[in-house]
Amino acid sequence: MSAYAPLDVPASGKLPFTDYSRWRLRISDEGDHTWHYLPTDEQCAAWPQTDCDKYWLGLPLDLPSLPKPTNALEAARNGYRYFQHLQTEDGHWPGEYGGPMFLIPGLVIGSYVTGMPFKLEERLEMIRYLFNHTNEDGGWGMTPSRAGPCSAERCREAHGWENMLARGIYGEPLDVLLRLACTSTSPFEDRGQAYEDAETRRQNAPSTRESYSSDRAVVRPDRWRPRLFQCDQLIDYDRTLDATQSMWGVERSMCKSTTVAIWSRLVTHVEGPSTVFGTALNYCAMRILGVKPDHPVAVKARACLHKFGGALGAPSWGKFWLSILNVYEWEGNHMIPAELWLLPDWVPVHPHRWWIHTRNVYIPMGYLYGVRFQMQETELVLALREELYTQNYHSIDWPAQRSYVHEVDLYTPHSTLLEGVYAILDTYEQCAFPPLRRAAVRRSYELVVLEDENTDCQDLGPVNKMMNQIVRMHAEGRESEAYRKHYERRHDFMWLGKEGMMMCGTNGSQLWDIAFMGQALIETGLGEEEEFRDSVVRILKWLDHCQIRENPKHFKSAYRHQTKGAWPFSTKTQGYTVSDCTGEALKAVLYIQEHVKDAPKLISEERLCDAVDVLLSLQNPDGGFASYELIRAPQILEYLNPAEVFGNIMTEFNYPECTTSVITALSIFRKYNPKYRTNDIQRTITKAVDFLHKAQRPEGPWFGSWGICFTYATQFALESLSLVGETYENSAYARKACDFLIGKQRADGGWGESYKCCEVLKWVEHEQTQVVQTCWAAMALMYAQYPHPEPIERAVQLVMSRQRPDGSWPQEAIEGVFNKNVAISYPNFKFEFTIWMLGRAHRYLEDLKGRKAK
Ligand code: LAN
């Protein structure tokens, strides 16, 4: 397999692996994102890098500082001036959708076993991503950081380097200060003359801060040389330049060439504690991509894996991927029963009733288990069999490993019921009836094809996409059309960020981002300003294009919910109805079409009514709304959850967030179209509000399942209560929620809750105040018409204080979550919700003042 030949790669992911000035993001007509590396200068000249490309690659944008905002609305306006630069021609905002560390292995193993190559630059950047996300112990977790601040942030707290810099105590730029503070973790090795100077001095006059300040004459601007750091994050670029400029009194261009970037490992990093799942699979991925076994990163990762006793303790999804790769025996897996698909549909546990992601993953899994698919024994496979285990591969008692999962990986241990079911299934497997197995495998294959055809091989998500690819290759060969399509579609999930190339949680969050931004612009009034008109109309065009106009090609036969009129989470091609995406997009369309002067009415009333039909079709009997479909199975099915690393994956659940989006969308819709299905809408809203009341936690907030965490869900919930007239003054529910939030506001005016909340279902403070969560909390208070201005004013101050002179905000902690245990990033939230909150707060506070004056 020469496409995967071993590579010589740099020792650390902090070093450049490819030239970032050569990468470009291509946006297809459907809004799909693919990254391309341009090998020649001519190609680069013909296709210049956009601001959007540069932003996501972490390259400086060279945007001017904006006039300093004097109030919240001006800050919001500055924010949107910046964010507009990241909007694409077609109107949407691309973005990184990373976090889960179990997705790259699916991509890489799935590609390797189907013989699909990657470009060299893609391989290098994936390796770099993996390098950049190893934990201190050398392994990988499955989820982004839950541990709070990592080294640089701790240093900042301990040494206050920001203040020192601002006060000009040190005549050195921030990176050197950081280096002082984090000598053990800084990535700056062999970085040019200037760094060496500092380093030599550090060694000669070790390490007190005093010794440095007395040194300051030694580090002079003229001794610095231009150099480009390959950074984790370019945070506070402008502030660094400002500080450098004011300290040295030199030209700004000079500052630019000297202080290009700051290295900082802030809390946004993907570094959940190492697990066997993360370490075993990412180790394989790294080796397939070309890292040699004696590379220091591989050596350390292997040591970490061996500390866990090797790959045997991987959870079931890990065992599955290792078996596909032929480095773990199929006998070491519990049976994966494709036969379930032969049951009649009415059976209460029939897999079509499972949560859509779970069933779509188990369809190809059942097939591949059924045919015992395995990679052929390549040299690499043989080597991995040696490297992954602490004992001889052939001496392993495979059946004994089926239920063995290392404790670091366990979030949902097997229930006794599940163990009982496995005992029966595994016994059956000994004497499986071949015609039945063949029929089950055939049925699974049919379902895979239906899913591929419904989504043009983009599929519901990255996990089933890679598994379907293997199924199609196995059944149809490498010359097939399906093979070619799958080859291409992999790229929709591959995103190049500052730290390398990752596999995203979906093919993007296009619709989700644009729906929020569209609403924010109208609610803040910015959308009606001439300066932003074109941008707003482009948003509407994109929303228009993205609405799904038909039911799926294979509809009932693929067990799909209706899609006509719905909006998906990412793109129309992916094409899955999501309740709250439909709700949020419908609101954005109504807002823009109704409020922006001369905005084209692109989406007809009929289509708006189609969207409402979808929403109405999604209500569950108890009034709540789930994510993609109605709840189809009893929730006790959760006792059969075989995936030890996730919680709540077997059935749909009602979510306060989803319920809320529907209530608000229907409430807003009926203002403009009071005649359409009036009674149905009223009945649906009443029941949904009732659900929401019941879902409120006794302490006051709502629990968020898709964002972190209570501030997220409470914002949505209070929005819907406000639309049915429930506010702080007249509703015990709203009051209790506000009081809860007020009790969590920090001395600095902000809010910060940790990702841990989602796991332990209780409020856990984050180490730092978070801008995005502060916005959610402040929005919640405003929705509830909280009567006292101070908490909102303080929140505004906090959010404004973190805004950079160019209007942007730095990335802080990760924002999203799923299945209780995995965090996922929504980096555009730091623009959408800041702009929204600031703009709204401006009006709100003025109104309050006005009312008080009267
Ligand atoms: C998402 C992302 C969006 C999210 C919201 C719209 C925010 C939510 O309100 C409804 C559920 C939904 C659509 C959602 C469901 C689960 C997803 C698709 C994800 C969190 C993104 C990634 C995740 C998916 C399951 C990842 C693949 C992993 C598996 C365990 C199959």
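Please read these numbers as outputs of a predicted model, since none were measured by experiment.

Next up on the list: the overall build of the protein. Summing up its helical and strand segments, the protein has 33 helices and eight strands in all. Sequence-distant contacts, at least 24 apart, represent 76% of the contacts inside the protein between residues at least 6 apart.

Given 3.6 residues to a turn, an α-helix orients residues that are three or four positions apart in the same direction. Of all the positions in helix 21 (residues 481-489), only Ala482, Tyr483, His486 and Arg489 are classed as buried. One side of helix 21 holds all its buried residues, which, seen down the axis, span an arc of 130°. Looking at the buried residues of helix 21, the elements they touch are helix 4 (103-114), helix 19 (434-455) and helix 20 (462-476).

For residues that are not glycine, phi is negative in most cases, and the peptide bond is trans in most cases. In the segment running from isoleucine 708 into cysteine 709, the intervening peptide bond is cis, with an omega of -25°. Secondary-structure assignment places cysteine 709 in the loop between helix 27 (678-695) and helix 28 (710-723). Positioned with a positive phi, aspartate 456 is a non-glycine residue whose angle comes to about 55°. Among the secondary structure elements, aspartate 456 is positioned in the loop between helix 19 and helix 20. Overall, aspartate 456 belongs to the partly exposed group, its relative accessible area being 30%.

In contact at an axis separation of 13 Å, helix 15 (residues 316-324) and helix 20 are set at 30° when each is read in the N-to-C sense. Between helix 15 and helix 20, the angle is such that the two are roughly parallel. The handedness of the crossing between helix 15 and helix 20 is left-handed. Where helix 15 approaches helix 20, its residues Trp317, Phe320, Trp321 and Ile324 are matched on the opposing element by Val463, Met466, Met467 and Ile470. Classifying every residue of the contact of helix 15 with helix 20 gives eight nonpolar, no polar and no charged.

Geometrically, a pair of aromatic rings is defined through the distance of the ring centres and the angle of the planes. Using the criterion set out here, one finds 51 aromatic pairs in the structure. Centroid distance tyrosine 712 to phenylalanine 716: 4.9 Å. Interplanar angle 80°. Geometry classified as edge-to-face. Taken together, the residues span about one helical turn, with tyrosine 712 and phenylalanine 716 both in helix 28 at a distance of four residues. We note that tyrosine 712, like phenylalanine 716, is buried. In textbook terms, an aromatic cluster arises when at least three aromatic residues are bridged by ring pairs, as seen for Tyr97, Trp512, Phe516, Phe569, Tyr712, Phe716, Trp776, Tyr826, Phe829, Phe833 and Trp836. Between the NZ or CZ atom of lysine 556 and the centre of the ring of phenylalanine 555, over which it lies, the distance is 4.6 Å.

A separate point is the UniProt feature "domain: Squalene cyclase C-terminal" (unreviewed entry) in the protein. UniProt's entry tags residues 509-842 with the feature "domain: Squalene cyclase C-terminal" (unreviewed entry), counted in the numbering of this structure. Overall, residues 509-842 shows 49% helix and 4% strand. The separation of its end C-alpha atoms is 28 Å.

This paragraph deals with a nonpolar patch on the surface. On the surface, a nonpolar cluster with roughly 260 Å² of combined accessible area is contributed by Leu342, Phe433 and Leu436. Among the structural elements, leucine 342 can be located in the loop between helix 15 and helix 16 (356-370).

Turning our eyes to something else, we now look at the environment of arginine 802. Relative to the helices and strands, arginine 802 is located in the loop between helix 32 (790-801) and strand 7 (816-818). Since its relative accessible area comes to 24%, arginine 802 is described here as partly exposed. Contact partners of arginine 802, with chain neighbours within four places excluded, come to Asp748, Thr769, Gln770, Val771, Ser808, Trp809, Pro810 and Glu812. Engagement of the side chain of arginine 802 in a polar contact is seen with the side chain of glutamate 812, the distance being 2.7 Å.

On to the site of the ligand, then. Residues in close proximity to the ligand total 22 residues, the closest being Tyr97, His357, Phe569, Asp580 and Phe818. Aspartate 580 is positioned such that a nitrogen or oxygen atom in its side chain is 2.2 Å from an oxygen atom of the ligand. For the ligand, whose unbound accessible area comes to 630 Å², protein coverage reaches 99%. Where the shell around the ligand is concerned, the elements lending two or more residues are helix 16 and helix 24 (579-595). Along the lines of polarity and charge, the residues of the shell around the ligand split into 16 nonpolar, five polar and one charged.

Here we take up the nonpolar core. Counting residues in each nonpolar core, the largest one holds 247 residues, and the members touching the most others are Tyr80, Ile324, Leu388, Trp567, Leu718, Met837 and Leu838. Aside from chain neighbours lying at most four places away, what touches leucine 388 is Ala280, Tyr283, Cys284, Leu305, His306, Gly310, Ala311, Leu322 and Val327.

This brings us to helix 32. Between its first and last C-alpha atoms helix 32 spans 16 Å; for twelve residues at 1.5 Å apiece the expected length is 16 Å, and the two agree. Listing the buried residues of helix 32 in full gives Pro791, Ile792, Ala795, Val796, Leu798, Val799 and Met800. Buried positions along helix 32 lie against helix 3 (72-84), helix 29 (732-744), strand 5 (751-753), strand 6 (765-770), helix 31 (771-783) and helix 33 (829-853).

Right, let's talk about the state of the cysteines for a bit. Tallied over the entire structure, the rule returns zero disulfides. Left unpaired, cysteine 658 is separated from the closest cysteine sulfur, that of cysteine 581, by 8.1 Å.

Another point: the pattern of salt bridges. Following the criterion strictly, the structure yields 37 salt bridges and no others. One salt bridge connects glutamate 453 with lysine 553, and the closest N-O pair in it is separated by 3.5 Å. Highlighted residues: glutamate 453 in helix 19 and lysine 553 in the loop between helix 23 (533-546) and helix 24, separated in sequence by 100 residues. The exposed category is assigned to lysine 553, whose relative accessible area is 63%. Its salt-bridge partner being aspartate 680, residue arginine 683 comes within 3.3 Å of it at the nearest N-O pair. Within this pair, arginine 683 and its partner aspartate 680 are both found in helix 27, separated by three residues, close to a single helical turn. Counted as one network, the salt bridges with shared partners bring together Asp32, Asp456, Lys485, Arg489 and Asp492.

Right, let's talk about the packing of helix 28 against helix 29 for a bit. One way to put it is that helix 28 packs onto helix 29 with a least axis distance of 11 Å and a crossing angle of 150°. In this view, helix 28 runs roughly antiparallel relative to helix 29, as classed from their interaxial angle. Every pair of crossing elements has a handedness; the one defined by helix 28 and helix 29 is left-handed. Facing Thr711, Thr714, Leu718 and Leu721 of helix 28, the residues of helix 29 in contact are Tyr733, Ala734, Ala737, Cys738 and Leu741. Its residues assigned to classes, the contact of helix 28 with helix 29 comprises seven nonpolar, two polar and no charged.

Among the secondary structure elements, isoleucine 668 is positioned in helix 26 (residues 656-672). Taking the C-alpha atoms as reference, isoleucine 668 lies 33 Å from serine 754; in sequence the two are 86 residues apart. Excluding residues that lie within four positions of it along the chain, isoleucine 668 makes contacts with Lys587, Leu590, Tyr591 and Leu723.

Counting through the fold element by element, threonine 34 comes out in strand 2 (residues 33-37). In terms of polar contacts, threonine 34 uses its side chain to reach the side chain of histidine 36, at 2.8 Å. Filtering out sequence-adjacent residues up to four positions away, threonine 34 remains in contact with Arg24, Leu25, Arg26, His491 and Asp492.

Reading the values: rules and limits
Residues numbered from 1 in each chain as written. Predicted model: local features only at pLDDT ≥ 70, side-chain atom pairs only at ≥ 80, totals over all residues. Heavy atoms only, no water. Helix = DSSP H or I, 4+ residues; strand = E, 2+ residues; numbered from the N terminus. Contact = heavy atoms within 4.5 Å. Buried < 20%, exposed > 50% of the residue type's maximum accessible area, 1.4 Å probe, protein only. Arc of directions from axis to C-beta. Axes fitted to C-alpha atoms, helices over the stretch in contact; angles between N-to-C directions. Parallel < 35°, antiparallel > 145°, perpendicular 65-115°, else oblique. Left-handed = near helix turned anticlockwise from the far one by under 90°. Nonpolar A, V, L, I, M, F, W, Y, C, P; charged D, E, K, R; others polar. Phe/Tyr/Trp six-rings, centres within 6.5 Å; stacked < 30°, edge-to-face > 60°. Lys NZ or Arg CZ within 6 Å of the ring centre and 35° of its normal. UniProt positions renumbered as here; feature names shortened; annotations may be inferred. Patch = residues over 30% accessible without salt bridge, like charges linked within 9 Å, V, L, I, M, F, W, Y side chains within 5 Å. Areas by Shrake-Rupley, 256 points an atom, 1.4 Å probe, with all protein chains shown as cover. Salt bridge = Lys/Arg side-chain N within 4 Å of Asp/Glu carboxyl O. Polar contact = N/O pair within 3.5 Å; in protein donor to acceptor, adjacent residues only side chain to side chain. Near = heavy atom within 4 Å. Core = buried A, V, L, I, M, F, W, Y, C linked by side-chain atoms within 4.5 Å. Expected span 1.5 Å × (residues − 1). Disulfide = S-S within 2.5 Å.

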